[in-house]
Amino acid sequence: MAAVATASGQQQSDSCFSAPDSGQHFQFQNWTIKADQAKKAEFIRTAEKLKNQLVNIEKDKNGHLYSKKSDFRVEYSTLEELEHKMTNNRKAEKAKIQQQLAKIHNNVKRLQRQLKDVKPTPEFVEKLREMMEEAENAINGFKEEQRLIYEELMKEEKTATNELSALQKKIDTWALGSSAIERVFKLPSGKVPVDKTPQNHLPEEVIEFERFLQQTGGRQGGWDDYDHQHFLKVWTKHKGKPSYIEEALEYLSGRTKEDIQQHETWYQEFLILEERKKESIEKWKIKKQQKKQEILKQKSEEMLKTENLQHKSAQKQKAEEERKKQQVAVEAWKRHKEIEFAMKQASRLKEEEEREKKQQKERQRQFQLKLLLEKYTRQKEEQEALQRLEKEKREEAEREERKRIAAEEISKFQERDLHKLELKILEKQAKEEEKLEKEKRLAKLREKVEVHVTRDPSRLYKPTKGWEERTKEIGPTDMQPLLQIPHRAIPTWRQGL
């Protein structure tokens, strides 16, 4: 839609230009085209220059590093393989980027061809919208992919810069330390005065550190490597606390407590002097860098002065021409803005009219919907009233039916209760009759088994039959003497004990 509006607006603006305005607009377009061409030419020249520099650097690198006559050919072979691999990766990435750019270029060209023949139909507008979305998605995807690649490259560049800085610091430290040691040890050891060390070339802290090492027996304080390494291990383990001496004596059998304490004092002084040496080297490097920057700044200022003198007149002339071109461009831009403002006003009025028409149609539609809703509401109310009447009639009939059923059920219940009552009365009479019959049978039985006994009070004083049996005399019995008393059996293993 935006592309169609832009194209139609451009056609209207072209038709509104008069003959002199169209000429000025054409001049402005020519000027912008020339400026773009100049920028492109400058960019191409810069690219060619960088390309030539890259070719020269490649030649120097291949001649020094990858030459077959080089003594370090074996060491540099790994670097050469890595470079070939990275070159192939760059070529593959370049081909991929060219394919993506070609795809974006084809999409844009196809969209431009469609815009040359604009048709005010919904199908055409939808087709244009799809083409624009496809081109925009391709461009955005390409931009996002390149942004991620550039971020990764920036991280790698930062890591490489930090590593190079650390290596440069190590190399500078080695250079300073080796030069100082060489200068000190070139002189006779017994005739070197302390004040005649090369103070003009080395910082004072470096000289003091080297003097300390020379006087105290090197970087191990006169100890051998085995004792010094065990001392450092134990001292670091206890973080310099006095408790480390006992454990150190176990490792260092040939050393006394005083030797270890003296070595600790020497090591602490060694650390302090070494830290001062590092700080002085950093300061020396900063001063050296500042001097280099001052020299470069002076040279750049001189070059700028000469260039300013050479280009001063050319810049004045160029500024005058630029001012005239800008004035023409500003006037053309103002006319273009006025025409664009008029077109916007016309389009805004048209949009307001269309909006008013849409609102009128919407109000009519809402009014019709309101009438339909009222009609539907009335019909629904009438239906609900009829349903209520039918429901009331149905409920009244149900109540009458329930009353009739209840009356029938009550009469049935009454009959059932009367029948049960009659049964209970009959059952009660039967039980009473059965009870009378039972009493009659018992009376007859009592008459049959009745016993008549005479009373004898003297019977209470007579002995019973049992007592008489006990008091009878017992005659003699055949009794024999007891000759053997039975005992339990004795086991065989106890017999004879």
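Residues numbered from 1 in each chain as written. Predicted model: local features only at pLDDT ≥ 70, side-chain atom pairs only at ≥ 80, totals over all residues. Heavy atoms only, no water.

Visitor: An account of the overall build of the protein chain is needed here, citing residue identities and associated values.
Guide: Counting its regular elements, the protein chain contains nine helices and zero strands. Each helix and strand of the protein chain, ordered N terminal to C terminal, gives the series α-α-α-α-α-α-α-α-α. Residue burial in the protein chain is summarised as follows: out of 497 residues, 13% are buried. A total of about 43,900 Å² of accessible surface is found on the protein chain, and carbon and sulfur atoms cover 55% of it. (Helix = DSSP H or I, 4+ residues; strand = E, 2+ residues; numbered from the N terminus. Buried < 20%, exposed > 50% of the residue type's maximum accessible area, 1.4 Å probe, protein only. Areas by Shrake-Rupley, 256 points an atom, 1.4 Å probe, with all protein chains shown as cover.)

Visitor: Describe the layout of surface pockets, with residues and values.
Guide: Gaps between atoms show up when a probe of the same size as a water molecule is rolled over them. Its volume calculated, the second largest pocket comes out at about 310 Å³. Around the second largest pocket, the lining residues are Thr-87, Arg-90, Lys-91, Lys-94, Ile-97 and Gln-98. (1 Å grid on protein atoms, 1.4 Å probe; cavity = no way out; pocket = protein on both sides within 12 Å on 5 of 7 lines; lining within 4 Å. Points joined across faces, edges and corners; volume = space filled by probe spheres on them.)

Visitor: Residue-level account of the packing of helix 7 (residues 244-251) against helix 8 (residues 257-448), with values.
Guide: It is at 10 Å that the axes of helix 7 and helix 8 come closest, and there the two elements cross at 115 degrees. Classified by the interaxial angle, the pair formed by helix 7 and helix 8 is roughly perpendicular. For the pair helix 7 and helix 8, the crossing hand works out as right-handed. Residues Tyr-244, Ile-245, Ala-248 and Leu-249 of helix 7 touch helix 8, and the partners they reach there are Lys-257, Ile-260, Gln-261 and Glu-264. (Axes fitted to C-alpha atoms, helices over the stretch in contact; angles between N-to-C directions. Parallel < 35°, antiparallel > 145°, perpendicular 65-115°, else oblique. Left-handed = near helix turned anticlockwise from the far one by under 90°. Contact = heavy atoms within 4.5 Å.)

Visitor: Give a detailed account of the side chain of Glu-274, specifying residues and quantitative values.
Guide: Within the element layout of this structure, Glu-274 appears in helix 8. Given the relative accessible area of 17%, Glu-274 is considered buried.

Visitor: So what about the pattern of salt bridges? Which residues, and what values?
Guide: Evaluation of the coordinates by the stated rule reveals 18 salt bridges. With a shortest N-O distance of 2.3 Å, Glu-396 and Arg-399 are connected by a salt bridge. You can see Glu-396 and its partner Arg-399 sitting in helix 8, three residues apart, about one turn around the helix. Here Glu-396 falls in the partly exposed class, since its relative accessible area comes to 36%. For Arg-404, the salt bridge identified is with Glu-401, shortest N-O distance 2.2 Å. Separated by three residues within a single helix, Arg-404 and Glu-401 lie in helix 8, roughly one turn from each other. The class of Arg-404 is partly exposed, set by a relative accessible area of 39%. (Salt bridge = Lys/Arg side-chain N within 4 Å of Asp/Glu carboxyl O.)

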